[in-house]
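The primary structure of each chain is shown beneath.
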Amino acid sequence: MGALPVVNENDTVATDEIRFGDNDRLAALVAHLVRADLLVLLSDVDGVYDGDPSRPGTSRIAEVRSPADLADVEIGSAGKAGVGTGGMVTKVEAARIAAAAGIPVVLTSAVHAADALTGQDTGTYFHPTGKRSADRLLWLQHASTPQGALTLDDGAVRAVVEGRKSLLPAGIAAVEGEFSAGDPVELRDGEGRAVARGLVTFDAKEIPRLLGRSTRELARELGPAYEREVVHRDDLVILHP
């Protein structure tokens, strides 16, 4: 139809329940949603540098093939002009999100936008590092707001993180928060670190009586509706593999 949609974080009226966090992250999610061929992130600095761009001796990083390429790079602000509110940190994080979803990214300055779109050597190019995932899983990992948390025992952490298994009641040690079935919740290890995030299948008030019990036992005592996962592996994303 010849229309150009503009999507923007509504900073003036947004509440915590509907905020995505920043426009850079929102751009990565929209790029995934519309199956974009390329995401171009613009700043007032023409790419990611291996140091403060204003200091002599630093150089632009032309390509990033994996997060390890930036492991020793201190990411600073977007620049003196302050274009945008997110700064370089959020732009790099957005690039990582898109690249992990199979979308190449060019991070450059606004004056080089045309060069980026025509494939010229400009800015920092982030190679795709993963494959496209289901839309709801990308939302779950990067845009959802957990409504509570489940603490897992060591065996459940291994099953969920390493084995990519569903979370069963027997592996849950504690529950906190007020949530309903279908809400996103954090899955934490014994030290309180969030290791995964998923959509829960029970209300918070139901879970305490399920803790540490097998689905077979629960089905026998409470009925067949309780012989199911608390978080199914299809509705779960790993945060720290």
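Structure shown above.
Residues numbered from 1 in each chain as written. Predicted model: local features only at pLDDT ≥ 70, side-chain atom pairs only at ≥ 80, totals over all residues. Heavy atoms only, no water.

Undergrad: What's the story with helix α2 (residues 87–100) in this structure? I'm lost.
TA: Quick reminder: α-helices carry 3.6 residues per turn. Residues three or four places apart thus point the same way. Under the 1.5 Å per step criterion, the end-to-end length of α2 is 20 Å for 14 residues, consistent within 8% with the ideal 20 Å. Of all 14 residues in α2, ten are buried, a share of seventy percent or more. Gly-87, Met-88, Thr-90, Lys-91, Val-92, Ala-94, Ala-95, Ile-97, Ala-98 and Ala-99 are the residues of α2 that are buried. Those residues of α2 hidden inside the fold are in contact with α1 (23–33), β1 (39–43), β3 (105–109), β4 (124–126) and α4 (135–142). Trailing α2 by a residue or two, Gly-102 shows a phi angle of about 90°, which is positive. (Helix = DSSP H or I, 4+ residues; strand = E, 2+ residues; numbered from the N terminus. Expected span 1.5 Å × (residues − 1). Buried < 20%, exposed > 50% of the residue type's maximum accessible area, 1.4 Å probe, protein only. Contact = heavy atoms within 4.5 Å.)

Undergrad: Looking at this structure, how should I read the nonpolar core?
TA: One recurring pattern in soluble globular proteins: nonpolar side chains tend to sit buried together. Ranked by size, the top nonpolar core spans 25 residues in total, and within it Leu-39, Leu-41, Val-48, Leu-70, Val-105, Leu-107 and Phe-126 carry the most contacts. Elements that contribute at least two residues to this core include exactly α1, β1, α2 and β3. The element that contributes the greatest number of residues to this core is α2, accounting for six residues. Once residues lying within four places of it in the same chain are set aside, the contact partners of Val-105 are Leu-38, Leu-39, Leu-41, Ala-95, Ala-98, Ala-99, Thr-124, Tyr-125 and Phe-126. With 24 residues, the next largest nonpolar core counts Ala-196, Val-230, Val-231 and Ile-238 among its residues. (Core = buried A, V, L, I, M, F, W, Y, C linked by side-chain atoms within 4.5 Å.)

Undergrad: What am I meant to see in the packing of aromatic side chains here?
TA: Following the criterion strictly, the structure yields one aromatic pair and no others. Look at Phe-202 and Tyr-226: their rings are 5.8 Å apart centre to centre, the planes differ by 25°, and that puts the pair in the stacked class. In this pair, Phe-202 sits in the loop between β8 (194–200) and α6 (215–222) while Tyr-226 sits in the loop between α6 and β9 (231–238), placing the two residues 24 residues apart along the sequence. Judged by relative accessible area, which is 13%, Tyr-226 ranks as buried. (Phe/Tyr/Trp six-rings, centres within 6.5 Å; stacked < 30°, edge-to-face > 60°.)

Undergrad: Hey, could you run me through the pairing of β8 in this one?
TA: Regular strands place side chains that alternate from one sheet face to the opposite one. Counted residue by residue, β8 has seven buried out of seven residues, so it is predominantly covered. Of the strand pairs in this sheet, strand β7 (residues 184–188) and β8 are connected by five bridges, and their pairing is antiparallel. Bridging from a neighbouring strand, Glu-186 pairs with Arg-197 of β8. Linking β7 to β8, which pair antiparallel, is a turn of five residues; within it Gly-192 sits at a positive phi near 90°. Here β8 pairs with β9 via four bridges, running antiparallel. (Pairing = 2+ DSSP bridges.)

Undergrad: Would you mind going over the sheet that holds β4 with me for this structure?
TA: Whether parallel or antiparallel, the strands of a sheet pair through hydrogen bonds between backbone atoms. Read across the open sheet, the four strands follow the order β1-β3-β4-β2; overall the sheet is mixed. Each edge of the open sheet is held by one strand with a lone partner, namely β1 and β2 (63–64). Strand contacts of α2: β1, β3 and β4, with the helix running at about 175° to β1, the strand carrying the most contacts. (Axes fitted to C-alpha atoms, helices over the stretch in contact; angles between N-to-C directions.)

Undergrad: How should I be thinking about the sheet that holds β7 in this particular structure?
TA: Across the sheet, which stays open at both edges, the five strands sit in the order β6-β5-β7-β8-β9 with mixed pairing between neighbours. In this open sheet, the two strands that pair with only one neighbour each are β6 (172–177) and β9. Within this sheet the neighbouring strands show an average axis-to-axis angle of 30°, counted without direction. Of the strands in this sheet, β7, β8 and β9 are in contact with α4, which crosses β9 at around 55°. With respect to the sheet, helix α5 (residues 154–162) is in contact with β5 (148–152), β7, β8 and β9, its orientation differing from that of β5 by roughly 110°.

Undergrad: Hey, could you run me through the packing of α1 against α2 in this one?
TA: Packed helices, taken two at a time, are described by the angle their axes make and the gap between the axes. Two elements in contact, α1 and α2, have axes separated by 8 Å at closest approach and are oriented at 15°. Looking at the two axes, α1 sits roughly parallel to α2. Note on packing geometry: the crossing formed by α1 with α2 is right-handed. Of the residues in α2, those in contact with Asp-24, Arg-25 and Ala-28 of α1 are Gly-87, Thr-90, Lys-91, Glu-93, Ala-94, Ile-97 and Ala-98. Its residues placed into classes, the contact of α1 with α2 shows four nonpolar, two polar and four charged. (Parallel < 35°, antiparallel > 145°, perpendicular 65-115°, else oblique. Left-handed = near helix turned anticlockwise from the far one by under 90°. Nonpolar A, V, L, I, M, F, W, Y, C, P; charged D, E, K, R; others polar.)

Undergrad: Even after reading the chapter, I still don't get the packing of α1 against α4, so can you show me in this structure?
TA: Where α1 meets α4, the closest approach of the two axes is 10 Å, and the angle between their N-to-C directions is 170°. Judged by the inter-axis angle, α1 sits roughly antiparallel to α4. Contacts between α1 and α4 involve Arg-25, Leu-29, His-32 and Leu-33 from the former and Asp-135, Leu-138 and His-142 from the latter. Tallied by class, residues from the contact of α1 with α4 come to three nonpolar, two polar and two charged.

Interpretation in functional terms is not warranted from these geometric data alone.
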